[in-house]
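A look at the structure
Now for the letters of each chain:
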Amino acid sequence: MTRLCLSVAPVILLSVCVSPASPSTVNPCCYYPCQNKGVCMRVGWEDYECDCTRTGYFGINCTLPEFWTRLRVLLKPSPAVYHFILTHCKWLWDIINTTFVRDTLMKLVLTVRANLIPSPPTYNSAYGYISWESYANVSYFTRVLPPVPEDCPTPMGTSGKKQLPDPQLLAEKFLLRRQFQRDPRGTNLMFAFFAQHFTHQFFKTSGKMGPGFTKALGHGVDLGHLYGDNLERQHQLRLFKDGKLKYQLRDGEMYPPTVLEAEVHMIYPPGTPKEKKLAVGQEVFGLLPGLMMYATLWLREHNRVCEVLKQEHPTWSDEQLFQTARLVLIGETIKIVVEEYVQHLSGYFLRLKFDPELLFDVQFQYRNRIAVEFNQLYHWHGLMPDSFVIQGKEYSYQQFIYNTSMLMDYGVEALVESFSKQIAGKVGGGQSINTHLLKVAVGVIEESRLLRLQPFNEYRKRFSMKPYKSFQELTGEEEKAAALEELYGDINALEFYPGLLLEKPQPNSMFGESMVETGAPFSLKGLFGNPICSPEYWKPSTFGGAAGFEIVKTASLQKLVCRNVRRCPFVSFHVPEPSTETGTTGDHQAKNPSTEL
Ligand SMILES: *[C@@H]1O[C@H](CO)[C@@H](O)[C@H](O)[C@H]1NC(C)=O
Ligand SMILES: *[C@@H]1O[C@H](CO)[C@@H](O)[C@H](O)[C@H]1NC(C)=O
Ligand SMILES: *[C@@H]1O[C@H](CO)[C@@H](O)[C@H](O)[C@H]1NC(C)=O
Ligand SMILES: *[C@@H]1O[C@H](CO)[C@@H](O)[C@H](O)[C@H]1NC(C)=O
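Bear in mind that the values here come from a model prediction, so they are computed numbers and not experimental data.

Analysis parameters
Residues numbered from 1 in each chain as written. Chains lettered and ligands numbered in written order. Predicted model: local features only at pLDDT ≥ 70, side-chain atom pairs only at ≥ 80, totals over all residues. Heavy atoms only, no water. Helix = DSSP H or I, 4+ residues; strand = E, 2+ residues; numbered from the N terminus. Rg over C-alpha atoms; globule rule 2.2 N^0.38 Å. Contact = heavy atoms within 4.5 Å. Areas by Shrake-Rupley, 256 points an atom, 1.4 Å probe, with all protein chains shown as cover. Lys, Arg positive; Asp, Glu negative; His and termini not counted. Charge placed at Lys NZ, Arg CZ, Asp CG, Glu CD. Near = heavy atom within 4 Å. Polar contact = N/O pair within 3.5 Å; in protein donor to acceptor, adjacent residues only side chain to side chain. Patch = residues over 30% accessible without salt bridge, like charges linked within 9 Å, V, L, I, M, F, W, Y side chains within 5 Å. Salt bridge = Lys/Arg side-chain N within 4 Å of Asp/Glu carboxyl O. Disulfide = S-S within 2.5 Å. Core = buried A, V, L, I, M, F, W, Y, C linked by side-chain atoms within 4.5 Å. Buried < 20%, exposed > 50% of the residue type's maximum accessible area, 1.4 Å probe, protein only. Phe/Tyr/Trp six-rings, centres within 6.5 Å; stacked < 30°, edge-to-face > 60°. Lys NZ or Arg CZ within 6 Å of the ring centre and 35° of its normal. Pairing = 2+ DSSP bridges. Axes fitted to C-alpha atoms, helices over the stretch in contact; angles between N-to-C directions. Parallel < 35°, antiparallel > 145°, perpendicular 65-115°, else oblique. Nonpolar A, V, L, I, M, F, W, Y, C, P; charged D, E, K, R; others polar.

A closer look at the overall build of the chain
Within the chain, the regular secondary structure consists of 24 helices and 12 strands. Here the chain has a C-alpha radius of gyration of 25 Å; the compact-globule value for 597 residues is 25 Å, and the two agree. With the C-alpha coordinates of the chain rotated into their principal frame, the extents come out at 80 × 60 × 50 Å. Contacts in the chain between residues far apart in sequence, at least 24 positions, make up 69% of those at least 6 positions apart. In the structure as shown, the chain presents an accessible area of about 26900 Å², 56% of it carried by carbon and sulfur atoms. Taken together, the 61 basic and 60 acidic charged side chains of the chain have centroids lying 1 Å from each other.

Topic: the site of ligand 2
Lining the immediate environment of ligand 2, one finds Lys90, Asp94, Asn97, Gln343, Tyr348, Phe349 and Arg351. Residue Asp94 places a side-chain N or O atom 2.7 Å away from a nitrogen atom belonging to ligand 2. One nitrogen or oxygen atom from the main chain of Phe349 is found 2.9 Å from an oxygen atom belonging to ligand 2.

Re a nonpolar patch on the surface
A contiguous nonpolar surface patch, about 660 Å² in accessible area, is contributed by Phe67, Trp68, Leu71, Leu74 and Leu75. Relative to the elements of secondary structure, Leu71 occurs in helix 2 (residues 67-75).

Re the side chain of Arg113
Assignment of secondary structure puts Arg113 in helix 5 (residues 100-114). Ignoring anything within four residues of it in the chain, the contact list for Arg113 reads Tyr82, Tyr348, Val516, Glu517, Ala520, Pro521 and Leu524.

A closer look at the state of the cysteines
Throughout the structure, instances matching the rule amount to five disulfides. Across the disulfide, Cys30 is cross-linked to Cys152 (sulfur-sulfur distance 1.9 Å). An S-S torsion of about -90° defines the bridge between Cys30 and Cys152 as left-handed. Here Cys152 lies in the loop between strand 6 (142-143) and helix 7 (167-175) and Cys30 lies in the loop between helix 1 (2-17) and strand 1 (39-43), a separation of 122 residues in the sequence. Between Cys34 and Cys50 runs a disulfide, and the two sulfur atoms are separated by 2.1 Å.

Considerations on the site of ligand 1
Near ligand 1 the following residues occur: Pro33, Tyr48 and Asn61. Contact distances for ligand 1 include 2.3 Å between an oxygen atom and a side-chain N or O atom of Asn61. Taking 360 Å² as the accessible area of ligand 1 by itself, protein coverage stands at 39%.

Regarding the nonpolar core
If you look at the biggest cluster of nonpolar residues, it comprises 154 residues, and the most contacted ones within it are Leu175, Tyr294, Tyr341, Trp380 and Phe528. It is helix 12 (residues 318-346) that contributes the most residues to this core, 13 residues altogether. Leave out the neighbours within four places in its chain, and Leu175 touches Leu170, Gln431, Ser432, Ile433, Leu438, Ala441, Ile445, Tyr497, Leu501 and Leu502.

Points about the side chain of His381
In this fold, His381 is placed in the loop between helix 13 (372-377) and strand 11 (388-390). Aside from chain neighbours lying at most four places away, what touches His381 is Ile433, Leu437 and Val440.

Observations regarding the packing of aromatic side chains
If you walk through the whole model with that rule in mind, you get 41 aromatic pairs. Seen from their ring centres, Tyr395 and Tyr410 are 6.3 Å apart, and the 85° between their planes marks the pair as edge-to-face. With Tyr395 in strand 12 (residues 393-395) and Tyr410 in helix 15 (residues 406-421), the pair connects residues that are 15 residues apart, well separated along the chain. One cation-aromatic arrangement involves Arg369 over Tyr135; the distance from NZ or CZ to the ring centre is 5.8 Å. Looking at Lys525, its charged tip hangs above the ring of Phe364, at a distance of 4.6 Å from the centre.

Structural notes on the pairing of strand 1
Inspection of the sheet shows strand 1 paired to strand 2 (residues 47-51) by five bridges, in the antiparallel sense. Paired with Val39 across the two strands is Asp51, which belongs to strand 2. The turn linking strand 1 back onto strand 2 is made up of three residues, and Gly44 within it adopts a positive phi angle of 60°.

Thoughts on a negative patch on the surface
Taken together, Glu46, Asp47, Glu49 and Asp51 make up a surface patch of like negative charges. By the secondary structure assignment, Asp51 is in strand 2.

Overview of the pattern of salt bridges
Under the counting rule described, the total for this entry stands at 24 salt bridges. Across the pair Lys353 and Asp103 runs a salt bridge, and its minimum N-O distance is 3.0 Å. Taken together, the residues span a long stretch of sequence, with Lys353 in the loop between helix 12 and helix 13 and Asp103 in helix 5 at a distance of 250 residues. Ionic pairing is found between Lys461 and Glu458, a salt bridge with its closest N-O pair at 3.3 Å. With Lys461 and Glu458 both in helix 17 (residues 456-462) and three residues apart, the pair spans about one turn of that helix. Here the salt bridges share partners, and the residues they tie into one network are Lys204, Lys215, Asp229 and Glu283.

A short note on the packing of helix 12 against helix 22 (residues 546-553)
Taken N-terminus to C-terminus, the directions of helix 12 and helix 22 make an angle of 25°; their axes are 7 Å apart at the nearest point. Compared by their axis directions, helix 12 and helix 22 come out roughly parallel. Contacts between helix 12 and helix 22 pair Val328, Gly331, Glu332 and Lys335 from the former with Gly548, Ile551, Val552 and Lys553 from the latter. In terms of residue class, the contact of helix 12 with helix 22 is made up of three nonpolar, two polar and three charged.

Right, dumping it as structure tokens:
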């Protein structure tokens with residue numbers, strides 16, 4: 001008791017009279033002393049301990065490698081090296097793609113990446129230490145690194161200035177698009193809307209509970225954006241006949257029902273008449289015709305799969321047909337995401353493979369928890385163009401946003417074709433965000449401060465990359481680097497999201513190294529950690545038998561579209577290649593659609 005009073009008194013006196021952070025009061029964990037994933041624990045008043053258990057290192061700060069670690073580090077190529085190999089030497093990969101080596105490498109990619117994500121999850125925004133509450137309360141997003149301790153001398157720990165740069169200023173200076181730049185990988189709007197549609201099933205920050213909380217309690221690919229994130233909403237959306245979802249017909253084609261037919265909350269501008277509001281799982285999808293287009297495709301796919309299942313199982317109840325169709329669609333989604341979406345954005349010549357059996361002989365946890373950091377990094381608004389071109393006609397943001405008639409005016413085919421042909425913007429390297437969307441980026445930075453995200457360089461280390469030594473090294477140029485240095489004062493005080501966007505992009509890539517190295521582990525863990533990938537689930541009976549299993553194992557973006565429209569349009573995640581090509585490129589291109597299906 002006396003010891004407490006004696007130690008507290010000078011602290012209070014000091015902080016009131018002298019400066020807010022006299023050296024003796026600084027929480028030593030504010031220095032991030034523990035390296036190589038060691039855990040920092042404050043001990044006594046001024047001390048800390050690094051817990052280096054199973055890190056492969058020892059010593060006060062977990063900096064001394066054990067023998068095997070030393071060897072491993074020596075032999076392990078840096079992320080830059082294996083990224084280079086995976087994106088070069090196409091002839092080599094053309095051989096590898098057709099041999100068992102493809103499986104071996106895919107397995108390696110999966111285990112190396114997924115092992116970077118703690119499972120079961122560890123911290124959250126209220127708990128910077130392991131706790132039962134953090135494990136059990138799934139309303140929180142998890143996080144990989146604990147928050148910056150509350151009592152540090154600067155907002156980012158001990159580095160940098162006492163005050164972080166104004167987020168609006170940061171965004172205007174470094175993130176605002178001056179001139180549209182094409183994405184170097186040829187990414188199109190079909191990809192951009194897929195990204196937005198897909199991720200909004202698990203990125204649903206709770207407005208009510210605050211930025212560290214999520215409304216999507218499934219924490220992964222549960223298709224809540226199609227079926228709703230709670231049972232009540234799901235029941236509103238269901239037809240309760242043959243497993244199907246409610247729908248409306250326009251010119252004989254299926255669209256989501258209106259909120260008159262399915263009474264769920266949808267976000268539309270005030271005054272939007274109810275008969276114009278479409279009802280789908282995700283409440284925000286009225287925002288953009290591109291999102292509602294995907295919602296329509298998946299709705300049609302669900303009802304189509306229900307018919308396939310009903311054919312095979314005439315005795316099945318509505319409930320069993322619905323539940324099984326949902327699992328089939330989850331499988332289709334993961335297949336398309338791994339083999340086409342991630343394939344495209346990685347730029348790898350290794351042909352990625354969605355085969356859960358690759359992981360059956362290694363340790364792997366079939367569970368997932370969505371992390372704050374994953375949500376932060378997945379803001380790729382640079383993809384959005386300056387205007388939207390539908391069948392040769394240009395639409396501004398004002399005309400496109402919350403446009404409730406465009407989807408049915410044009411129909412799904414026309415939108416798919418137009419979005420597949422329009423190039424997306426470049427994301428990485430800065431100055432890439434359209435002025436209408438800049439406020440989103442400002443919001444991301446503000447949120448990261450409320451949540452006390454650790455510095456960019458701490459994340460570099462956590463995801464096995466070397467911390468940057470200077471802003472020049474980060475941006476690969478002088479001018480922006482100098483301006484950033486001026487604002488942040490220290491590269492070790494640079495924030496997570498600005499760091500990801502301002503890092504120099506890799507050649508012929510959508511982003512810089514850090515976006516890929518931090519994003520891929522979250523992504524692959526989320527996809528392969530789905531319960532349908534577990535040995536107990538991954539078998540025909542789970543999906544209604546051989547036919548359902550086959551739908552999962554052969555799913556593709558093109559089939560998703562072309563099995564659900566009358567005329568199969570051009571559909572791809574990248575714009576058509578210049579027609580100088582001999583026609584061998586883009587296997588998901590609709591060359592002769594009717595024969596392929
Ligand atoms: C451990 O880290 C602290 C804080 O970064 C540093 O001051 C100290 O010198 C380090 N100690 C050792 C033994 O490396
Ligand atoms: C190998 O996979 C890459 C990436 O999907 C692709 O570009 C390449 O054409 C493939 N080669 C063969 C022979 O399949
Ligand atoms: C999760 O934590 C929040 C914040 O403490 C609390 O409001 C909520 O009730 C908790 N949820 C559950 C299911 O306990
Ligand atoms: C919505 O899109 C249609 C084309 O489908 C266009 O004619 C209409 O003007 C747009 N609505 C608004 C409010 O801009």
